[in-house]
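This is what each chain is made of:
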Amino acid sequence: MTMPRRRPGRPRRDETRPTREVVLTVATALFAERGFDAVGLREVAAAADVDVATVSHHMGTKAQLYDACFAWVFAAEREVLEAAAERARSALAAGPEAARRALHNLVDTFVDFLEERPETTALWLRRWLEPHRHADLDERYATPLYQLVAQLLTTAASAGALVESTPHITVRSLVWAVHGHVVAIQAAGSSAARERREFRAFVHHFLDRMYGPAGP
């Protein structure tokens, strides 16, 4: 039995990973680069080095594939943020200073995640360009993480570790700031390392000014 020859110019599929993961990886990158309308299942199949029937078998329709890409990045993000939020929650009893350090660590974890997976930012920015389309994705894959951190801030305020009256606005502002940072370092070139240092310092200072002792 002879094996089918790979067509010239097509990338060799990574046989060490499950087909579904390969398809999700390339589809996420394509949707992040071009948006929902500009990507077809045949293009995803070509990039994954499989046939279009395989993509349909594993992922269903293009809309279902699009949803699966958001679910995939959400699962990874939720895993790291839930662990960081739990560490922060454990620090609340130690007082305001420990709470602020825990918030530094939580934000650093979020920044680390998006710096390592910039396609997550690009995927969401493409979605947000058309706010009235696919709005249900926000409810399933963004709102739960916003609420996770907002609830942490509310708990910290109830414990007297900080003062926070609008946690949902604080979380939304930080999320947008971090996404903006990720976009900036993609274009920063040789100055990306400096951008990273300066942004971390800015976010820590922002949190300290919000939640630190009141000045004179």
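One can find the structure itself at the top, above this paragraph.
Bear in mind the structure is a predicted one, so any value in this text is a computation, not a measurement. (Residues numbered from 1 in each chain as written. Predicted model: local features only at pLDDT ≥ 70, side-chain atom pairs only at ≥ 80, totals over all residues. Heavy atoms only, no water.)

A. Focus on the overall build of the chain. Secondary structure summary: the chain contains ten helices and zero strands in total. Helices and strands appear in the chain in the N-to-C order α-α-α-α-α-α-α-α-α-α. Projected onto its principal axes, the C-alpha positions of the chain cover 80 × 35 × 35 Å. By the burial criterion, 43% of the 216 residues in the chain qualify as buried. Put simply, 68% of the contacts in the chain that link residues at least 6 apart link residues at least 24 apart. With the model as given, the accessible surface of the chain reaches about 12,000 Å², and the carbon-plus-sulfur share is 55%. Of the side-chain charges in the chain, 27 are positive and 27 negative, and the distance between the mean point of each set is 4 Å. (Helix = DSSP H or I, 4+ residues; strand = E, 2+ residues; numbered from the N terminus. Buried < 20%, exposed > 50% of the residue type's maximum accessible area, 1.4 Å probe, protein only. Contact = heavy atoms within 4.5 Å. Areas by Shrake-Rupley, 256 points an atom, 1.4 Å probe, with all protein chains shown as cover. Lys, Arg positive; Asp, Glu negative; His and termini not counted. Charge placed at Lys NZ, Arg CZ, Asp CG, Glu CD.)

B. How the structure looks around the packing of helix α2 (residues 41–48) against helix α3 (residues 52–59). Orientation of α2 relative to α3, taken along the N-to-C sense of each, is 105 degrees, at an axis distance of 8 Å. The angle between α2 and α3 places the two elements in the roughly perpendicular class. Counted together, Leu41, Arg42, Val44 and Ala45 of α2 and Val52, Val55 and Ser56 of α3 form the full contact between these two elements. A per-class count over the contact of α2 with α3 returns five nonpolar, one polar and one charged. (Axes fitted to C-alpha atoms, helices over the stretch in contact; angles between N-to-C directions. Parallel < 35°, antiparallel > 145°, perpendicular 65-115°, else oblique. Nonpolar A, V, L, I, M, F, W, Y, C, P; charged D, E, K, R; others polar.)

C. Structural view of the environment of Arg172. Tracing the backbone shows Arg172 in helix α9 (residues 167–186). Arg172 sits 26 residues away from Tyr146 along the chain, and the two C-alpha atoms are 7.2 Å apart.

D. Local environment of helix α1 (residues 19–34). For α1, spanning 16 residues, the distance from its first C-alpha to its last is 22 Å, which sits close to the expected 22 Å at 1.5 Å a residue. Regarding α1, the residues found buried are Thr19, Val22, Val23, Leu24, Val26, Ala27, Thr28, Leu30, Phe31 and Ala32. Turning to α1, the residues buried within the fold contact α2, α3, α4 (62–91) and α6 (118–128). Remark: Gly35 follows α1 within two positions and exhibits a positive phi of approximately 90 degrees. (Expected span 1.5 Å × (residues − 1).)

E. Expanded view of the side chain of Glu115. Position of Glu115 among the secondary structure elements: in helix α5 (residues 96–116). Note on Glu115: relative accessible area 14%, which makes it buried. Reaching out from Glu115, the side chain makes a polar contact with the side chain of Arg200 at a distance of 3.3 Å. Every residue in contact with Glu115, bar those within four places of it in the chain, is listed here: His181, Val182, Ile185, Arg196 and Arg200. (Polar contact = N/O pair within 3.5 Å; in protein donor to acceptor, adjacent residues only side chain to side chain.)

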